[in-house]
Amino acid sequence: MTSRDRHDLTATLSWMRDGTALLLAVADRLTDDDLRAPSTLPGWTRAHVIGHLARNAEALGRLAAWARTGVPTPMYADREQRAAEIEASADLPPAELRRQLKTTAAELDDALAALDASSWQAEVRSALGRTIPAAEIPWMRVREVWLHALDLDAGATFADLPVDVVDTLLDDVTGALSARPHCPSVRLAPTDRDRTWTLGPSGDPEAAEAPAAELLAWVTGRGGGPTSVVLPPWL
């Protein structure tokens, strides 16, 4: 049970493919009517989640093309484009939405397979404006497929996440949250791990004890955690 470097392709590519398999299996459980019902994300139906995942695969594919060719190809022109694409995708006929979920995931996998050692080290830019090596692209997709598979609210839970994915996500999320203004000081003490994670400034942190998967649900804004602690948004 250990976290991994999020640029470690020997881990992240496998996690991405396993998460994609789970996502597709969960999506296959949904009827056409289910797609129009709410997801666990406020304001989004399940169709919004699936549409977002299809468009995210295309956006990450643009980063892979950037790394391979050297031609800057941003994920999105701006946040308005991203939001408009998700809304349009959510209105697609169910059969087309399902098709796009599968084909865009496969196309992203192919785009990443085309990168060589030099391309993986090329610098690209995330949708939030961070300069990152292309080796971070699979990890960006790992976060999307695993967490949004749960957001479809069709039987998958945080307990389905591999322990290394849980721990690496805890590294990622606690680091991001701690950099946010007004992040409270909290020590995450998983009852099923031999290590802890810290949120916010040092000092006298409040302790949050639960299985690691439950703590991950809390810090990603998906339930649980100390009711007296309010965390800033992760993303």
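The residue numbering used here restarts from 1 in each chain and proceeds along that chain's sequence as written. Per-residue local features are limited, in this predicted model, to residues with pLDDT of at least 70; the limit for side-chain atom pairs, both in listing and counting, is 80 or more; totals at the level of whole chains, interfaces and linings are taken over all residues. Only heavy atoms go into the side-chain values, all of them from the structure, while hydrogens and water stay out.

Before going further, it helps to spend a moment on the nonpolar core. In this description, a nonpolar core means a group of buried Ala, Val, Leu, Ile, Met, Phe, Trp, Tyr and Cys residues linked to one another through side-chain atoms lying within 4.5 Å. Relative accessibility thresholds used throughout: buried, under 20% of the residue-type maximum; exposed, over 50%; partly exposed, between the two (1.4 Å probe, protein chains only). Among the nonpolar cores identified, the biggest contains 76 residues, and L112, L161, L188, L199, L216, W218 and V219 are the most heavily contacted of them. Ranked by residues supplied to this core, first place goes to helix α3 (residues 46-69) with 11 residues. Note on contacts: a residue pair qualifies if any of its non-hydrogen atoms lie within 4.5 Å across the two residues. Once residues within four sequence positions are removed from consideration, W218 is found in contact with V186, L188, L199, A208, G223, G224, G225, P226, V229 and L231. Secondary structure elements follow DSSP: runs of H or I no shorter than four residues count as helices, runs of E no shorter than two count as strands, and numbering proceeds from the N terminus.

Let us look at the packing of aromatic side chains. Classification of ring pairs uses Phe, Tyr and Trp, with its six-membered ring standing for Trp, and accepts pairs whose centres are within 6.5 Å; under 30 degrees between planes counts as stacked, over 60 as edge-to-face, and the remaining range as tilted. In this structure the tally under the stated criterion is 1 aromatic pair. When the ring centre of Y76 is taken as reference, the NZ or CZ atom of R62 above it lies at 5.8 Å. Only Lys NZ and Arg CZ are tested; either one counts as a charge over a ring when it is within 6 Å of the ring centre and within 35 degrees of the ring normal.

Let us now look at the pattern of salt bridges. What makes a salt bridge here is a side-chain nitrogen of Lys or Arg within 4 Å of a carboxyl oxygen of Asp or Glu, nothing more. For the structure shown, the criterion picks out 13 salt bridges. With a shortest N-O distance of 3.3 Å, D172 and R6 are connected by a salt bridge. Placement of D172 in helix α8 (residues 163-178) and of R6 in the segment before α1 (9-28) is noted, with a sequence separation of 166 residues between them. Overall, the relative accessible area of 9% leaves D172 in the buried class. Through salt bridges with shared partners, a single ionic network connects R6, R130, E136, R143 and D172.

Turning our eyes to something else, we now look at the environment of D91. Relative to the assigned elements, D91 resides in the loop between α4 (79-90) and α5 (94-113). Linking D91 and A47, residues 44 residues apart in sequence, is a C-alpha distance of 7.6 Å.

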